[in-house]
Each structure stands twice: as C-alpha cells, then as structure tokens.
Amino acid sequence: MLGFGGGPSTIPLVHKEVVGTFKWMNDQEFSDVLALGNTLPGPIATKMAGYIGYRVGGIRGMLNAVIATVLPTILLMLLFLTSFNKVKDHPRVEGMTNGVVPIVGVMMATLTWDFIKKTRQGFGWKKGVFLLLGSFIVMEILNVHPGIVIGGLLIIAVTMSDKKEKIEIQVKGNSESL
Amino acid sequence: MIYIQIFIAFFIPGIIGYGGGPASIPLIEHEVVSRYGWMTTSEFSEVLALGNALPGPIATKMAGYIGFEVGGALGAVTGVLATVAPSLFIMIVLLRLLFKYKESPKVKRLSMIVLPAVAVLMAGLTFDFFQTSYFSNGLWSTFVIAMVSLLLIERWKVHPAFVIFGGLVVGAIFLS
C-alpha cells in the first residue's frame, strides 16, 4: 500500500514484512522466489503476494494476499477518476489533463530508456540495436500484433540451442516469415 | 461478450508482459486504445498519470479501473483476474520445476529476449503521448513541461506524484 511507483518499488517493503516482521521465510528463500517471479510474465507484486500467501495460508491465504495488494489502490483510483469525469468538460479541468500528458510522456521515455539499457546489457550494442530495429519494423511498420512478436521471441528463446550466436539468424528468419 | 473482451485485453499483457508491471503498460495500451477503442490516447494517459501518482502495482490498477469503465464492477474483477491469475497460477504450479531450471540459460533468456520488443513498444507509446500533447498544447508548452518534469524527476529526484500534481496545477492555470 505504501509502495508508490509501481510493483518493483513494493518489493523491499514486502521483504521487510515477510522476512522481518512475520518470519514466514528466510532471506535465501525470499530471493529465490523473487528471482523466479522475475523470470515469469506479469506484475511482480501480485505474483509475490499470491505465492507467499499460498505458502503461508493455502488458497485462502493466496486470495487474501492478492486482494490486500490490489484492492485499496483500485478503489482509490476509481474514486478519483469517477469524480474527475463528472467535471471533465470544465475548461480548467481540460487544462489539467493537457498539463499531465507531457509529464506522462517523460515518464514513459525514461522507462523506454531503462529497457534500452537493459537490452544493451543483455545483448551488447550491435545485437541490441539489431533487435530493436527488427522489432520496430515488424510491429510499427508491418503492424504485427505485439503479442505475436513477443510470443515468437519467446518460442525462439526456448527452442534455441544454447549458443548465443544463433539469436541473430533466427530472429531474422522470424521477422521474415511474419 | 464485453467481459470476454476485457479478459482478452488484460490476459495478453499479463501473460507476455515480461519485466514486471511497467512492461505491460504499452501492451495494455495497444489493446485498450488501438484494438478495442475503449479510450483515446489522452484518456489513457490520464489514467496512467493517476495510476503512477497512487501507490501499489500499476498493471492491476489500470486493469481494475479500465475494466470498471468498460464493464462495471464485474468488468473490474475480470480485468484484475486476467492480469493476475495466469502468471500466479504458473508460479504456484511450476515453482518446483522452475527451481530446477533456475540456472538454465533458457529460463534466463526468456526474460531477456523480450526486452527489445518491449522497449520499442514503450518508445511508440512515448511518441503517442508527445504527439497528443503537441496537438492540444502546441510545441512550446509541450517542450517546456517535458523538460521541467524531466529535470525534476531525473535530476532532483522529486517524487512523480508531486510532479504530476504540479502538472495539474500548471495545466489548470495556463492551458485551459
């Protein structure tokens, strides 16, 4: 509840409660669960909450934990946005909306930069740029649904033999066949 | 019917959004704005702005609110369920199996290989936001607000919630 700024920022807080306050797990177990959570898709905070809740209290513990993570902020969100929508047509409120759009743009830009940096760390500059351009062409110019592209990439990752050099060739083949 | 659509719109980002909640934002946008047309880009950015200003995981907040807008309370439940359930299910069922292959390069590669695709999607969304702002605010206001908020967030580490609040005030005074 206190973790502003999206799922990843709540992890240290979850850690403090689970390992520190309630002693449901030790440090090693917690970091194992976290590492695994990161290799799976979807939001990390609810995955952690669900899994730890399940270990501590079975199905009911899982439901409790997920609801506790998700519900308070969704209610807040509904409260704010529905009251906001009632006064939407007022010119001042329109101005407020306009003022926020570029800020969200900046936040999105910094997130983009994070992911580009991670791409570079993972693949190096050459392959990174190649992959970025490849996915740009397939998704934005050929208008392939991003789900198909990401699904294709995941299949490549699983079926690929463990030699890294093959990434390039197979991605090329993939984008051509799409 | 609408509930099936809501489920699909959030199930896809939930199952392929590697890299945590933020990675699924452009995927959600693709479904909600481009595919189903439930919102405009600027409405979506409002929801995202408020979601960023409030605590808690971003993906479920988006799913809950957009689900509610489109299909009422049941829509909200559907959206959240579609976001949370698939990956949680995998985690609980496959945990033992995954532990075994934790060190396998394949598992590591899974989360790495989608990074460039997600980066491109995010870049596209960034472009959409600036374009929307350019059409409603003009070039200079967009540029000034963007630069100031970039400095505030990145250089002086001001919390995004305050910056968004500042944007609301500035917008109410100058952009109406």
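Values in this document were obtained by computation on a predicted structure and should not be read as measured data. (Residues numbered from 1 in each chain as written. Chains lettered and ligands numbered in written order. Predicted model: local features only at pLDDT ≥ 70, side-chain atom pairs only at ≥ 80, totals over all residues. Heavy atoms only, no water.)

Quick notes on a nonpolar patch on the surface
Then, number 1: A surface patch of nonpolar side chains, about 980 Å² in accessible area, is lined by B:Tyr134, B:Phe135, B:Leu139, B:Trp140, B:Phe143, B:Val144, B:Met147, B:Val148 and B:Leu150.
Then, number 2: Tracing the backbone shows B:Val148 in helix H6 (residues 115–155). (Patch = residues over 30% accessible without salt bridge, like charges linked within 9 Å, V, L, I, M, F, W, Y side chains within 5 Å. Areas by Shrake-Rupley, 256 points an atom, 1.4 Å probe, with all protein chains shown as cover. Salt bridge = Lys/Arg side-chain N within 4 Å of Asp/Glu carboxyl O. Helix = DSSP H or I, 4+ residues; strand = E, 2+ residues; numbered from the N terminus.)

A few points about the packing of aromatic side chains
Then, number 1: One pass over the full model with this rule turns up four aromatic pairs over all chains.
Then, number 2: Arranged with centres 5.5 Å apart and planes meeting at 15 degrees, the rings of B:Phe7 and B:Phe11 form a pair that is stacked. You can see B:Phe7 and its partner B:Phe11 sitting in helix H1 (residues 2–16), four residues apart, about one turn around the helix.
Then, number 3: The class of B:Phe7 is partly exposed, set by a relative accessible area of 33%.
Then, number 4: On the basis of relative accessibility, which here comes to 32%, the residue B:Phe11 falls in the partly exposed class.
Then, number 5: With centroids separated by 4.8 Å and ring planes inclined at 15 degrees, the aromatic side chains of B:Tyr36 and B:Trp38 adopt a geometry described as stacked.
Then, number 6: Taking NZ or CZ as reference, A:Lys118 lies 4.4 Å from the ring centre of A:Phe115, over its face. (Phe/Tyr/Trp six-rings, centres within 6.5 Å; stacked < 30°, edge-to-face > 60°. Buried < 20%, exposed > 50% of the residue type's maximum accessible area, 1.4 Å probe, protein only. Lys NZ or Arg CZ within 6 Å of the ring centre and 35° of its normal.)

Here we look at the environment of B:Leu175
Residues and elements named next belong to chain B.
Then, number 1: Of note, Leu-175 is situated in the segment after helix H7 (160–174).
Then, number 2: Overall, the relative accessible area of 19% leaves Leu-175 in the buried class.
Then, number 3: Between the C-alpha atoms of Leu-175 and Thr-60, which are 115 residues apart in sequence, the distance is 31 Å.

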